[in-house]
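Fold and geometry: a report
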Amino acid sequence: MLAEKHYRPLLHFTPAFGWLNDPNGLVYKDGEYHLFYQYYPCDSVWGPMHWGHAVSTDLLSWTHLPIALAPDTLGMCFSGTATVDYGDKSGLFNGKDGLLAYYTIAAEKRPDDVDFPQSQGLAYSHDNGRHWTKYSGNPVIANPGLQDFRDPKVFWHSPSQHWIMVVTTGQQVSIYRSTDAKNWQFSSSFGDGHGAHDERAWECPDLFEIKIEGSTESRWILIVGVQREAYAGGSGTQYFVGQFDGERFIDDHTPETVLWLDHGRDFYATQTWADIPQSDGRRIALAWMSCWPYANHTPTQSWRSAMSMPQELTLKPTNEGLRLHHAFIRELDAAHATTQSLADKTYTASASLLKTEWEAAARLTLNVTLDDNSSVSLTPLQGTQLILTNQNGALTLRCQRFSARGDETYEQQFPHDYTVELGANRKISLDLLLDRSSVELLLDDGRYAVTNLAFPEQGPSHLFSAEVTSGAVTVNNAHWHTLALPQT
Ligand code: FRU
């Protein structure tokens with residue numbers, strides 16, 4: 001097996017050492033993007049949860065900062081949120097602006113507890129997150145008698161002049177409201193019978209307003225994590241498109257509609273950055289690039305788990321209704337080190353489109369048009385195959401990840417073979433981002449996203465190959481980039 005240093009991504013955030021899971025408290029303030037994250041510094045498997053902390057100005061190069069929140073006598077610090085308190089509405093900042101963080105206090109299990117008893121805690125920082133004080137009145141919301149009560153997302157809702165918290169309450173999310181950020185009232189719940197569920201609680205909600213592209217209207221997006229039975233099997237992120245009136249979320253779709261934010265195995269606990277200035281106006285999402293069934297078993301030792309590439313989300317009308325679309329952040333363009341452009345051309349079976357070696361990170365962007373009953377197969381690195389097929393006018397992507405060597409759980413859970421339906425298309429755009437241990441693919445202008453980890457056993461130099469396996473495939477506007485961390 002490849003040495004673990006060859007698995008540490010070049011462009012994706014990883015902890016210097018120790019274990020990482022969910023992104024927490026994504027917030028922008030005074031020119032810095034903050035990334036807090038579920039962190040266990042003493043081992044590279046999940047353990048008593050802290051909030052790690054890093055900052056960046058371009059979302060690609062990160063500066064590690066000291067741990068922001070650590071367990072105390074009340075319990076561990078599970079997932080949550082951070083937000084700027086503009087104008088000191090909380091009264092915690094002597095009239096200045098400050099940072100509020102809400103996290104789930106996960107207390108010690110008592111003999112009959114199935115899970116850690118959960119309540120919501122508040123911490124605040126006067127100095128852009130460098131030091132945090134836990135609020136003396138914690139918990140700000142006591143447990144209402146639920147096994148699963150966690151992962152608060154909090155934001156200021158200007159029309160109703162309230163702070164809003166959306167938080168997991170079992171198989172639903174609940175909305176709480178507050179005027180002072182410390183005292184909270186229950187308002188409503190959403191989720192029963194809507195979208196995808198498995199036998200476990202939903203996790204890590206996010207709720208935000210987003211403009212409909214090309215229109216003056218907007219909608220609210222509710223994001224939630226499904227722990228075990230998401231699209232590709234294992235953990236995954238779904239979303240709802242609807243309205244939010246300050247008290248209730250109302251789904252635009254029928255309850256049985258299921259919308260997946262990503263169709264991969266490794267895109268979980270997705271959160272978006274709060275307080276990005278309106279002059280920028282982007283809604284940028286980040287996910288934990290792993291999956292609970294094997295997260296503790298991936299083949300690295302001194303550190304474990306990475307974040308996804310940050311992605312800009314937009315809401316666009318489609319024939320099926322409004323759908324979120326993804327784009328890798330534009331800052332990634334500055335990481336293009338070398339570019340090789342391919343001629344526009346039609347290839348027939350079994351011609352090779354491209355065969356090239358890469359190390360560290362690479363990106364391929366192109367448009368492909370598949371004649372009826374054509375297939376093109378991409379092997380971005382050893383152990384992963386992506387097969388795009390047009391069968392009678394319907395496009396599909398088959399995602400295969402082959403058996404890998406590791407411990408028993410990893411060998412059983414990591415391989416996959418599933419298919420994503422891409423609609424009645426012949427022509428589709430692809431934006432494929434490869435890093436040392438991940439394959440992220442955006443298709444159809446980002447309407448579909450597929451994020452999967454990869455731990456090739458060969459390397460550190462990888463072979464990318466793509467060939468037509470049946471029919472005829474036309475390639476346009478194809479560019480292969482090798483990537484390097486931009487100089488800041
Ligand atoms: C999601 C999650 C959250 C919880 C955290 C604990 O991955 O299970 O619900 O707060 O991880 O680390």
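Here the structure is shown first, and the text comes after it.
To start, this report covers the structure provided alongside it. If you're wondering where the values come from, they're calculated on a predicted model, not measured in any experiment. Numbers given for residues are sequential positions, taken from 1 along each chain in its written order. Only residues with pLDDT of 70 or above have their local features reported here, since the model is predicted, and side-chain atom pairs are shown and tallied only from 80 upward, although totals for entire chains, interfaces and linings are computed over all residues. Where side-chain values are given, they derive from all heavy atoms of the structure, hydrogens and water being excluded.

1. Observations regarding the overall build of the protein chain
Which entries qualify depends on this criterion: Working definition: helices are DSSP H or I runs of at least four residues, strands are E runs of at least two. Numbering for both runs from the N terminus. Note that the radius of gyration is over C-alpha atoms, with the globule rule given as 2.2 Å times the number of residues to the power 0.38. Every residue pair with non-hydrogen atoms within 4.5 Å of one another is taken to be in contact. Exposure was quantified through the Shrake-Rupley algorithm and a 1.4 Å probe, taking into account, for residues, occlusion by the shown protein chains and nothing else. Counted charges follow a simple rule, with Lys and Arg positive, Asp and Glu negative, and His plus the chain ends left uncounted. Where a charge lies is defined by one atom per residue type, namely NZ (Lys), CZ (Arg), CG (Asp) and CD (Glu).
Along the protein chain, the regular secondary structure elements total one helix and 34 strands. For 488 residues, the compact-globule estimate of 2.2 N^0.38 gives 23 Å, and the protein chain sits close to it at 22 Å. Here the C-alpha coordinates of the protein chain stretch approximately 70 × 50 × 45 Å along the principal axes. Intrachain contacts of the protein chain at a sequence separation of at least 6 include 62% that bridge at least 24 residues. Of the accessible surface of the protein chain, which amounts to about 18400 Å², a share of 46% is contributed by carbon and sulfur atoms. Here the protein chain holds 35 positive side-chain charges and 57 negative ones, and the gap between their average locations is 3 Å.

2. Concerning the pattern of salt bridges
Counted only if it meets this: A pairing counts as a salt bridge when a side-chain nitrogen of Lys or Arg comes within 4 Å of a carboxyl oxygen of Asp or Glu. The buried label applies to any residue whose accessible area, calculated with a 1.4 Å probe on protein chains only, is under 20% of its type's maximum; exposed applies above 50%, and partly exposed to all values in between.
What the rule picks out here adds up to 24 salt bridges. Between glutamate 32 and arginine 130 there is a salt bridge, with its nearest N and O atoms 2.7 Å apart. Highlighted residues: glutamate 32 in strand β2 (residues 32–40) and arginine 130 in the loop between β7 (118–125) and β8 (133–134), separated in sequence by 98 residues. The partly exposed category is assigned to arginine 130, whose relative accessible area is 34%. Residue arginine 405 is joined to glutamate 457 by a salt bridge in which the shortest nitrogen-to-oxygen separation is 2.7 Å.

3. Description of the site of the ligand
As a reminder, the rule being used: Residues are counted as near a molecule or strand when any one of their heavy atoms sits within 4 Å of it. Any pair of nitrogen or oxygen atoms within 3.5 Å is treated as a polar contact; in protein, a donor-acceptor pairing is required on top of that, and neighbouring residues in sequence qualify only through side-chain atoms on both sides. In this classification, the charged set is Asp, Glu, Lys and Arg, the nonpolar set is Ala, Val, Leu, Ile, Met, Phe, Trp, Tyr, Cys and Pro, and all remaining amino acids, among them Gly, are polar.
The environment of the ligand is made up of 13 residues, and the closest members are Asp22, Gln38, Arg150, Asp151 and Glu203. One of the side-chain N or O atoms of asparagine 21 is found 3.1 Å from an oxygen atom in the ligand. At 2.6 Å from an oxygen atom of the ligand is found a side-chain nitrogen or oxygen belonging to aspartate 151. Elements supplying a minimum of two residues to the shell around the ligand: β1 (18–29), β5 (76–85), β9 (149–157) and β13 (203–211). A per-class count over the shell around the ligand returns six nonpolar, three polar and four charged.

4. Comments concerning the environment of glutamate 229
Considering the arrangement of structural elements, one finds glutamate 229 in the loop between β14 (218–226) and β15 (236–244). As for glutamate 229 and asparagine 319, which are separated by 90 residues in sequence, their C-alpha atoms are 27 Å apart.

5. Some thoughts on the sheet that holds strand β20 (residues 311–318)
What counts here: When DSSP locates at least two bridges between a pair of strands, those strands are taken to pair. For every element, the axis is a line fit to its C-alpha atoms; helices are fit only across the contacting stretch, and the angle between N-to-C directions ranges from 0 to 180 degrees.
Spatial ordering of the open sheet is given by β17-β18-β20-β21, a layout of four strands whose pairing is antiparallel. The open sheet has two free edges, formed respectively by β17 (268–272) and β21 (321–328), since each of these has just one partner strand. Each neighbouring strand pair of the sheet contributes to a mean axis angle of 40°, computed without reference to strand direction. As defined by bridge partners, strand β18 (residues 284–288) adjoins β20 across two bridges and the pair is classed as antiparallel.

6. Quick notes on the side chain of serine 305
Examined against the element boundaries, serine 305 turns out to sit in the loop between β19 (303–304) and β20. Side-chain polar atoms of serine 305 contact the backbone oxygen of leucine 20, separated by 3.3 Å. Of the polar contacts made by the side chain of serine 305, one reaches the side chain of tryptophan 288; its length is 3.0 Å. Each residue touching serine 305, except ones within four places of it in the same chain, is listed here: Phe13, Thr14, Pro15, Trp19, Leu20, Trp288 and Ser290.

7. Notes on the sheet that holds strand β11 (residues 172–178)
Strand order in the open sheet formed by four strands is β9-β10-β11-β12, and the pairing between neighbours is antiparallel. Of all strands in the sheet, those bounded by a partner on one side alone are β9 and β12 (185–190). Geometrically, the sheet is characterised by an average inter-axis angle of 25° between neighbouring strands, direction not taken into account.

8. Structural notes on unusual backbone geometry
Omega for the bond connecting asparagine 138 with proline 139 falls within 30 degrees of zero, at 0°, which places this linkage in the cis form. Along the polypeptide, proline 139 turns up in the loop between β8 and β9. Going from glycine 459 to proline 460, the amide bond is cis rather than trans, its omega being 5°. The topology assignment puts proline 460 in the loop between β32 (448–453) and β33 (461–470). Not every positive phi belongs to a glycine, and aspartate 275 is a case in point at roughly 65°.

Function cannot be inferred from these measures alone, as they are strictly geometric.
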